[in-house]
Structure formats: C-alpha cells, structure tokens
Amino acid sequence: MERRKRRKINKKKRQQKIRKRRLLFLCLFFFACYLIHGLWVAKYRLVDLPVDDLVAADLYLMPDQQLVHVDKKKDLAWIGKKVRRFSGHPKDLQGQAGGQVRFIHLYLNQKDPIEISQTGDQIAVNGKWYSVKKLDLYRMDQIFSAYFK
C-alpha cells in the first residue's frame, strides 16, 4: 500500500517537472520570436529617427503649394513616431507622374535634414524610393490630415 502511494507521489512530481519544463520552453520560444520580430522590423525600417533629436518639421502639399511649419515638441513627437514606423522594400522605379505630391522635411539636432516624399503608393527617403504597405500610406494620410483640413 505504501509503495503505491510513493509511486503516485513520484509520478505527480515527474509530471510537475515536465509541465514546468514545457512552460519554460514555451516562454523561451516566445522570447526568441519577440527578438526575431524586433530584428526583422529594424531591417526594413525606412527611417531610423531619434524622436528626441527632432527640432522642427515642414509639411508640403505640392499641387496646392501649401506649407506648414511644426515646432511644438508634442506634435514633433507624434510625427516622429508615425514616420519611424514606415517600413518597405527598396524599389528601382521613380515616383509616379502626376497627382498629389507630399513632402515632409524633418530637421534634427546637428544632423542633416531628412526628406520624405510620397507619390501614389511609393515613399522616397532622401531620394531613394521604397514600395510600402497601405498602412504606411494611411499613416502619411493621418499626418497630413491633422495639419491640412
């Protein structure tokens, strides 16, 4: 009788160890996925922008010849966070002709300004063109709709 109890207790302990090991492997797996995702996102990020270094931003709408200068820290942080999320793949083609052209000039502390332009479904960063997702175009729309109503 006592032997059976001991076996049951040992079996429960083994099962607990197995559960803990599985949980540990599951946690390590999710942590590895999180790190890989971070590296993947950083690889395709268009602008590596330190939000704290933003001094000013200029927003241009080309056919309408409109200009907005932004220098409030809160607005700059919001624009910087939106721009920093842009990601895409390099594209050899130039921008599409015609239509509305949008420009964002970001001025940084003691660094060269960053020029971002958008025509159609492409975004150029300092003259290099990228094909982007609709979500990035939507972010660009959010930025411009906030200042051009």
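Everything discussed here concerns the structure shown above.
Residues numbered from 1 in each chain as written. Predicted model: local features only at pLDDT ≥ 70, side-chain atom pairs only at ≥ 80, totals over all residues. Heavy atoms only, no water.

Novice: Quick rundown of the sheet that holds strand β3 (residues 88-90)? Include the residues and the values.
Specialist: Taken in spatial order, the 7 strands line up as β2-β1-β4-β5-β6-β7-β3 in an open sheet, and their pairing is antiparallel. A strand with exactly one partner marks an edge of an open sheet, and here the two such strands are β2 (66-70) and β3. Neighbour to neighbour, the strand axes of the sheet diverge by 20 degrees on average, direction disregarded. With 7 bridges joining them, strand β1 (residues 54-61) and strand β4 (residues 101-108) adopt antiparallel strand pairing. Across the sheet, aspartate 58 pairs through a bridge with histidine 105, a residue of β4. Taken strand by strand, helix α2 (residues 73-84) contacts β1, β2, β4 and β5 (114-119), and its axis lies near 70 degrees from that of β1. Against the sheet, helix α3 (residues 134-147) makes contact with β1, β2, β4, β5, β6 (122-125) and β7 (128-132), and its axis sits at roughly 80 degrees relative to β4, the strand it touches most. (Pairing = 2+ DSSP bridges. Helix = DSSP H or I, 4+ residues; strand = E, 2+ residues; numbered from the N terminus. Axes fitted to C-alpha atoms, helices over the stretch in contact; angles between N-to-C directions. Contact = heavy atoms within 4.5 Å.)

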